[in-house]
Amino acid sequence: MDFPNSLFDKFETVLYNGIPTKDFMVAYDITNIEDKGDFFFEYKIEGSKNIDTISYEIYGNASFYWIIIMINNIQDVFFDLPLSENELRLIAKNRVEENNESMDKFYEYYTELENENNNKRILLVVRPEYLNRFLTLLEEAIWDYQIFTPLKIFH
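Owing to the predicted nature of the structure, the values given are computational and were not obtained by experimental measurement. (Residues numbered from 1 in each chain as written. Predicted model: local features only at pLDDT ≥ 70, side-chain atom pairs only at ≥ 80, totals over all residues. Heavy atoms only, no water.)

Enquirer: I'm lost on the overall build of the chain in this one. Help?
Expert: Along its length, the chain carries seven helices and four strands. Overall, the chain shows an N-to-C arrangement of helices and strands of α-β-β-α-β-α-α-α-α-β-α. Counting over 155 residues, the chain shows a buried share of 32%. Taking all contacts inside the chain whose residues are at least 6 apart in sequence as the whole, residues at least 24 apart take part in 67%. (Helix = DSSP H or I, 4+ residues; strand = E, 2+ residues; numbered from the N terminus. Buried < 20%, exposed > 50% of the residue type's maximum accessible area, 1.4 Å probe, protein only. Contact = heavy atoms within 4.5 Å.)

Enquirer: So what exactly am I meant to see when it comes to the nonpolar core here?
Expert: When a protein is soluble and globular, its nonpolar side chains tend to lie buried together. Judged by nonpolar contacts, the single largest core of 25 residues is most densely connected at Y59, I67, I68, L123, V126 and F134. Broken down by secondary-structure element, the contributors of at least two residues to this core are β3 (40-44), α3 (51-59), α4 (65-71), β4 (122-126) and α7 (131-146). If you tally residues by element for this core, the top one is α4, at six residues. Residues within four places of Y59 in sequence aside, it is in contact with F64, I68, V125, V126, R127, P128 and L131. In terms of nonpolar packing, the next biggest core, distinct from the first, is built from seven residues, L83, L88, Y109 and Y110 among them. (Core = buried A, V, L, I, M, F, W, Y, C linked by side-chain atoms within 4.5 Å.)

Enquirer: What is the right way to look at the pattern of salt bridges in this model?
Expert: In a structure, side chains of opposite charge can pair up when their charged atoms sit close to one another. Scanning all chains against the criterion turns up five salt bridges. The salt bridge involving E57 is made with K49; its shortest N-O contact spans 3.0 Å. With its nearest N and O atoms 3.4 Å apart, the salt bridge here joins R95 to E112. With R95 in helix α5 (residues 85-98) and E112 in helix α6 (residues 104-119), this residue pair connects regions lying 17 residues apart in the sequence. Take E112: its relative accessible area is 36%, and that puts it in the partly exposed class. (Salt bridge = Lys/Arg side-chain N within 4 Å of Asp/Glu carboxyl O.)

Enquirer: Sorry if this is basic, but what is going on with α6 here?
Expert: Residues spaced three or four apart along an α-helix face the same direction, because each turn holds 3.6 residues. Residues of α6 that are buried: Y109, Y110, L113 and N117. The arc that holds the buried residues of α6, viewed along the axis, is 100°, so those residues lie on one side. Of the exposed residues in α6, those oriented more than 90 degrees away from the buried face are D104, Y107 and N119. In this structure, the buried side of α6 is in contact with α5. (Arc of directions from axis to C-beta.)

Enquirer: Whenever I open this one, the side chain of N117 confuses me. Can you help?
Expert: Structurally, N117 is set in helix α6. The exposure class assigned to N117 is buried, which follows from its relative accessible area of 3%. Beyond its immediate sequence surroundings of up to four residues, N117 is in contact with L81, P82, L83 and L88.

Rendered as structure tokens:
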């Protein structure tokens, strides 16, 4: 599967920490997808994986990570995906220490974090067999957006 470099030319360039970056977090309208139920599927993250590993598992290409980020509105790839058990423990321990609380509070914090973490395990992703169609629809949506059609919600 070819990576559509020309697609990125169509995204607006913004400054991120002073570095020109393509902004693919805009919610382009691709509501003309025939049947979203068949077009997408839910992917459950087992363990703690990074976004490019997930992209590689699904599409055989880590370069499509940005599609997963865009569809799921992931703002921070480090904290919007499931954390490891060690990371959860460290965060719970830091909360106890920051609030000057006893370690009895650790379990409560850890349980809360674990529940939040489990909610991050389900991602909506484009089925691999529809990836090229998705890229075409996205390119059309970007083009429509660039000629001043109103911004619409992605999903």
